[in-house]
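Analysis of the macromolecular model
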Amino acid sequence: MWSVLFLTLPTQPNAVRLRVWRSLKTLGCGALRDGVYVLPEAQAALFEPLMAEVRAHGGQSSVLQLSARDDAQRAELLALFDRAEAYGGWRSEAQSLMAALPTLEETEARRRWRGVAEALQAIGRIDYYPGAAAAQALAELDALRQALDARFSRGEPVARAAHGIALLPRSKFRGKRWATRARPWVDRLACAWLILRFVDPEARFVWLADPAATTPAPRGVIGFDYDGARFTHVGARVSFEVLAASFGLEGDLRLQRIARAVHFLDVGGIPAPEAAGLEAVLAGLREVHADDDNLTIAAAAVFDALYAAPGATS
């Protein structure tokens, strides 16, 4: 259920009109059309101060309840509260701080971090239906805080992340067989590339039709991106991000750029500029290559190019 505010604003004074418009924006109202604004029913009380001010200056206001008649209409109403664009703007600020950390003094770095954290809290206050983008942003804020502490609090104990991803020595994962689901898509293709490029250049892949049932992984292989695999989704992180964290690769800004696109294509969340192009190219490669090993080799060239692309560290 939603609460719908109908407003007819007074023509004068302009200061009242401006205050009302700013308040509506601050509340994160969805706009059905001019003069008609929506909030979740639980937030209906937030409309009351606006109604009182409008009426006090000769305007009209009323609030009615609204329910969606079907799933399609519900989706339309929920879309009014989509904060993906706001999280995308927030991410740009967070990325800028991450890139600047090596050059900042501690006082300035921590001041900027507080600003980034407060900006995320502000979005959260009006994100009435938080989803993948919110979870991803919180994970990125946590990663930024860890980078900040690593830069300025060396020698102190580092708190283990809530998701508990242990740091592993790459030397113990060389010359292995790695297993995942057959007909790999974005996350699995990116994982395979990451493994070959940074962890195990001699990796051999085993493609499983149904690792959870009819085709379990053979003994001795290292599984990724399926239920029960050693490396798979953890919290808000997709398998590619988990692998990068497990092998100490999170600080690589080029990998971060790829990770954002992979995350968005795999589970949604904050849009990434490279995502649409990456999806289109990988979809084409799947049509061209019926063999999963050949598909992996072809996709690796795409990820190599994306990793080397100009601006990847900005």
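Located above this text is the structure these notes cover.
The structure reproduced in this document is the subject of the present report. (Residues numbered from 1 in each chain as written. Predicted model: local features only at pLDDT ≥ 70, side-chain atom pairs only at ≥ 80, totals over all residues. Heavy atoms only, no water.)

Scanning the entire structure with this criterion turns up 13 aromatic pairs. For the ring pair F173 and F247, a centre distance of 5.1 Å and an interplane angle of 80° mean the geometry is edge-to-face. Pair noted here: F173 is in the loop between α6 (132-152) and β5 (177-181) and F247 is in the loop between α8 (239-246) and α9 (253-267), with a separation of 74 residues, a long-range link. You can call F173 buried: its relative accessible area is 6%. Site record: aromatic cluster; members linked through ring pairs are F173, W178, F231 and F247. (Phe/Tyr/Trp six-rings, centres within 6.5 Å; stacked < 30°, edge-to-face > 60°. Helix = DSSP H or I, 4+ residues; strand = E, 2+ residues; numbered from the N terminus. Buried < 20%, exposed > 50% of the residue type's maximum accessible area, 1.4 Å probe, protein only.)

Although it is not a glycine, R183 adopts a positive phi angle of roughly 50°. By the element assignment, R183 lies in the loop between β5 and α7 (186-199). In this structure, D225 takes a positive phi of about 60° despite not being glycine.

Turning our eyes to something else, we now look at the nonpolar core. The tendency in soluble globular proteins is for nonpolar side chains to be buried side by side. Counting residues in hydrophobic clusters, the biggest one holds 42 residues, and the most contacted among them are W178, W193, L194, F231, F240, F247 and F303. Contributing elements (two or more residues each) for this core: α7, α8, α9, α10 (275-288) and α11 (292-308). If you tally residues by element for this core, the top one is α7, at ten residues. Among residues more than four places away in sequence, those in contact with W193 are F198, F240, L255, I258, A300, F303, D304 and Y307. (Core = buried A, V, L, I, M, F, W, Y, C linked by side-chain atoms within 4.5 Å. Contact = heavy atoms within 4.5 Å.)

An order of β2-β3-β1-β4 is seen for the four strands of this open sheet, with the pairing classed as antiparallel. Each of the sheet's edge strands pairs with one partner strand only, and the pair in question is β2 (30-33) and β4 (60-66). Averaged over neighbouring strand pairs, the angle between their axes works out to 30° when direction is ignored. In this sheet, β4 lies alongside strand β1 (residues 2-8) in antiparallel orientation, the contact comprising seven bridges. By the bridge assignment, F6 is partnered in β4 with S62. The strands touched by helix α2 (residues 48-56) are β1 and β4; relative to β4, the strand with the most contacts, the crossing angle is about 150°. (Pairing = 2+ DSSP bridges. Axes fitted to C-alpha atoms, helices over the stretch in contact; angles between N-to-C directions.)

With that settled, consider the sheet that holds β5. Pairing in this open sheet of three strands is parallel, and the strands run β6-β5-β7 from one edge to the other. On the outer flanks of this sheet lie β6 (204-208) and β7 (222-223), each paired with one strand and no other. Pairing analysis gives two bridges linking β5 to β7, with the strands arranged parallel. Bridge assignment links A179 to a residue of β7, and that residue is G223. Packed on one face of the sheet, α7 meets β5 and β6 and runs near 170° to β5.

So, on to the environment of Y226. As for its placement among the helices and strands, Y226 is situated in the loop between β7 and α8. For Y226, a relative accessible area of 11% translates into the label buried. Setting aside its immediate chain neighbours within four residues, Y226 contacts A179, T180, R181, L208, P211, A217 and T232.

Attention shifts here to the environment of T8. Along the chain, T8 falls in strand β1. Along the chain, T8 and A300 lie 292 residues apart, while their C-alpha atoms are 58 Å from each other. For T8, the contacting residues outside a window of four places in its chain are V54, G59 and Q60.

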